[in-house]
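Examining the three-dimensional arrangement
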There are 2 protein chains.
Amino acid sequence: MDKFFSPKSVAVFGASRSLEKPGRVVVQNLLHSGFSGKIYPVNPHADEIANLEVFTSETVPKADLGVFVIPAKIVPKNLEIVADRLKSALVISGGFGESGNSELDTRLLEISKKYDLRIWGPNCLGLMNTHQNFNLTFLPTSRLPMPPKGGVSILSQSGATVASVLDWAGTIQLGISKVASYGNQLDVSDYEILDYYQKDKETSVIGFYVEGLKEGKKLLEVAREGKKPVIVLKAGKTGSGVRAAKSHTGALAGNFEVFKGISSQLKWGMACGPEEFLLSLKARNIWQSHIKNVGVVTCGGGFGVMVSDSLEELGMGLSNFSEKTTESLKKAFPQRVSIKNPVDLTGDATPEMFGTAIDALMSDGSVDAIVVVLLMQLPKLNSEIIDILQNYSDSEKPVVVVSPPGAYASGINKLITDLPVVSSPEKAAGVLRVIR
Amino acid sequence: MDKFFSPKSVAVFGASRSLEKPGRVVVQNLLHSGFSGKIYPVNPHADEIANLEVFTSETVPKADLGVFVIPAKIVPKNLEIVADRLKSALVISGGFGESGNSELDTRLLEISKKYDLRIWGPNCLGLMNTHQNFNLTFLPTSRLPMPPKGGVSILSQSGATVASVLDWAGTIQLGISKVASYGNQLDVSDYEILDYYQKDKETSVIGFYVEGLKEGKKLLEVAREGKKPVIVLKAGKTGSGVRAAKSHTGALAGNFEVFKGISSQLKWGMACGPEEFLLSLKARNIWQSHIKNVGVVTCGGGFGVMVSDSLEELGMGLSNFSEKTTESLKKAFPQRVSIKNPVDLTGDATPEMFGTAIDALMSDGSVDAIVVVLLMQLPKLNSEIIDILQNYSDSEKPVVVVSPPGAYASGINKLITDLPVVSSPEKAAGVLRVIR
């Protein structure tokens, strides 16, 4: 699997002189991501591409990985020509079994067997390994930039889904380690990538977008051995979804209740949509603790009520603060502050008051996680809140910030990079549900 | 009620020389919003404020509206001095019944009765009437700008909630007509404001944030006569929420199931959080149609599956396209496009293809609403999609756009101002559920 994620040399079949062609974008992405290995563009009709020497399938040197961005029908022929010079092959091109051309699948599998060559794909976006500055995808970085480096690794059959999710990850400063879009799983399968992530030292949390499983039993075996937290975004939960999944990836989404049961056994978190998926990955990457009762600190009573509702609706409760906490809150704040849970600092809330209240809840044993509501419209809140909150990114207990967007608020929210920030109360409860 | 929303003259008690003081912010907001009426700052210790002549309670001229931003305990005394020169009074200050000072409430009510003077508040944010350029709130516009003008009017007991919601409204280009934060409802009550909105020519859709009702029966009477769509954001749904609401506004949130039943009778839409509230108001302000079956156009299969799941989970279905639609889609698109519902234009989707597919669904009688999934990472999508989509803002059927945020996507999303744009599949289904 290392030959896919950390190759020392990559041959790109379908490298083009035209900057827009996917094969050329692959070359550009390798160059611009800072990949330190060798790049061999393969194109029978060009001498030089991006200042690199160009080869043909016949002349290309030995390489750890061959990437194919050429029409499906000529992939097998070219693959067979170079098969004994490659250690692994990744086929980005679509137009195989998923388009009814199953004879191409058969050819690829024959070559894989004959040359003992693992084949990734076909019909996929590719992969990324941020810690190796390795961007092996065919989408231009103007559309899909490399996300920030971090500990979250993602696997997904669907290329467009993972592209969208990754781009989004950048906007919430979610640190990514590895990304795998594995497409048709003709040879390399979901459970092998999961296994690799589970053993990978640069991966601390795994995100898994799944419609259907290729071999459920094997995945389950692999998953049972894993010790890292996994968060799943499962599509194909309802009749409509299952039918749509069938026409998308041809996957048999299976019975969702069965999948849910297995996930629950494995203690996998289940996100209800891409936003919750990403925010939960962000939270889970920081905190591993379990959550039953939550403390809420707000500066607006209404949002405190809505957080309370959402927590209870999702099966969590509000902590009953200890006497010590109650005493310390009473001592710290003027009478207008409501010191029950949710703690309501009211419209005169200052950044310091938030710090004081969060500290008190942090040291209360009845509090497993803290939701902080910021309404940046209030006159005494300012950018000092950023540092005060960022301090809790190495706290023992999860801290999720609810801060709705707004003229002034949106600028502040972007700078609270080390904590999960959500816009709406029910989302905070959603994140805590997934990671609880 | 016109004296509150469209006064010709406003006296501001508590106008200050200091720019940070709430009383001064009220004066600044009136000046900068473009209010064309007279402004009388009232302050016994200043001669001139913001180039305006300053009065005392004894000398201030007759005014349609007196606004009080002075300490609670001196409000009754000052109000009584000017009561016969005012047509209405709005008390922003807190510190009345909600802080245990019910004797101040009694005094205000006596004055109201004695002088036949309606009193708004106390303990509120104030109000806005965008069509009169009238911003009567105490939060600086740097924190809470006037939202764009439009047809949505909002009422809320909670000031901080409405401030946050309004600021957010601006970021999604939700056109606002009137905003009312009515606080303690000592005299002017929720149902009177609802009634006013229902009859107001500049209001087409009403948004109602509610924890508890002052007089449920009266509100029900008023609501039964209303013909405009109402969308409710109800807080205090669960045991935890009800308790939190009680300590927030002192409201008895009552039994949520009862409230839900009433809302259902009244055909009020119920939003599950502030984000859904705002996006549904935006959608409902454009479309009044009813929704049972939905057509989906996507460029990513995974997102199509997730939209399908969410629709079914929320009680809606995917349309079965007519033969005519199926034929026209088959003719229009290459074979790789999946022409069943969801229509999957796949990774080569162009803006034109989206237009063609949406047009086909628009003219299909089985389709009540359309969800469009844009994944702007795809190489052939560009800014042409903006105009193509904006065209449907006067279409007969609702069009909700799912476009996740990203490096390139976020810029595009901001420019699709005339349609509801959501980031995640489940949110599109949520909006359609609320307005169905």
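Residues numbered from 1 in each chain as written. Chains lettered and ligands numbered in written order. Predicted model: local features only at pLDDT ≥ 70, side-chain atom pairs only at ≥ 80, totals over all residues. Heavy atoms only, no water.

To go from the first copy of the chain to the second, apply a rotation about an axis and then a shift along the same axis. Expressed as a screw operation, the relation of chain A to chain B combines 0.0 Å of axial shift with a rotation of 180 degrees, fitting to an RMSD of 0.0 Å. The transformation relating the two chain copies, once decomposed into turn and shift, fits a two-fold axis. When you check the interface residues of chain A against chain B, 98% turn up at the interface there too, and the contact is symmetric in its surfaces. (Least-squares fit on C-alpha atoms with pLDDT ≥ 70 in both. Contact = heavy atoms within 4.5 Å.)

Strand pairing in a sheet takes place through backbone hydrogen bonds and is either antiparallel or parallel in direction. Residues and elements named next belong to chain B. In space, the seven strands of this open sheet follow the order β9-β8-β11-β10-β12-β13-β14, with mixed pairing throughout. The outermost strands of the open sheet, each flanked by one partner alone, are β9 (134–137) and β14 (269–271). Averaged over all neighbouring strand pairs, the angle between strand axes comes to 20 degrees, with direction disregarded. Two strands pair when backbone bridges link them, and strand β10 (residues 149–156) and strand β11 (residues 176–181) are joined in this way by five bridges, in the parallel orientation. Pairing of I154 across the sheet is with V179, part of β11. Taken strand by strand, helix α6 (residues 190–199) contacts β10, β11 and β12 (205–210), and its axis lies near 165 degrees from that of β10. (Pairing = 2+ DSSP bridges. Helix = DSSP H or I, 4+ residues; strand = E, 2+ residues; numbered from the N terminus. Axes fitted to C-alpha atoms, helices over the stretch in contact; angles between N-to-C directions.)

Here we come to the confidence of the model for chain A. Per-residue pLDDT for chain A averages 95, and the proportion of residues at 70 or more is 99%. Of the two predicted TM-score estimates for the complex, the pTM is 0.95 and the ipTM is 0.94. (pLDDT = per-residue confidence, 0-100.)

On the chain B side, the residues contacting the 64 residues of chain A number 64 residues. Surface buried jointly by chain A and chain B totals about 4800 Å² across both partners, of which 61% is contributed by carbon and sulfur atoms. When the area that chain A buries against chain B is broken down by residue, the three leading residues are A:R143, A:V305 and A:Q377, summing to 15%. Seen at the junction of chain A and chain B, the total is four salt bridges. (Buried area = accessible area lost by both parts, 1.4 Å probe. Salt bridge = Lys/Arg side-chain N within 4 Å of Asp/Glu carboxyl O.)

This brings us to the pattern of salt bridges. Side chains that differ in sign of charge can pair as their charged atoms come close. In the structure shown here, the tally under the stated rule is 30 salt bridges over all chains. Residues joined by salt bridges that share partners form a network here, namely A:E275, A:K427, B:E275 and B:K427.

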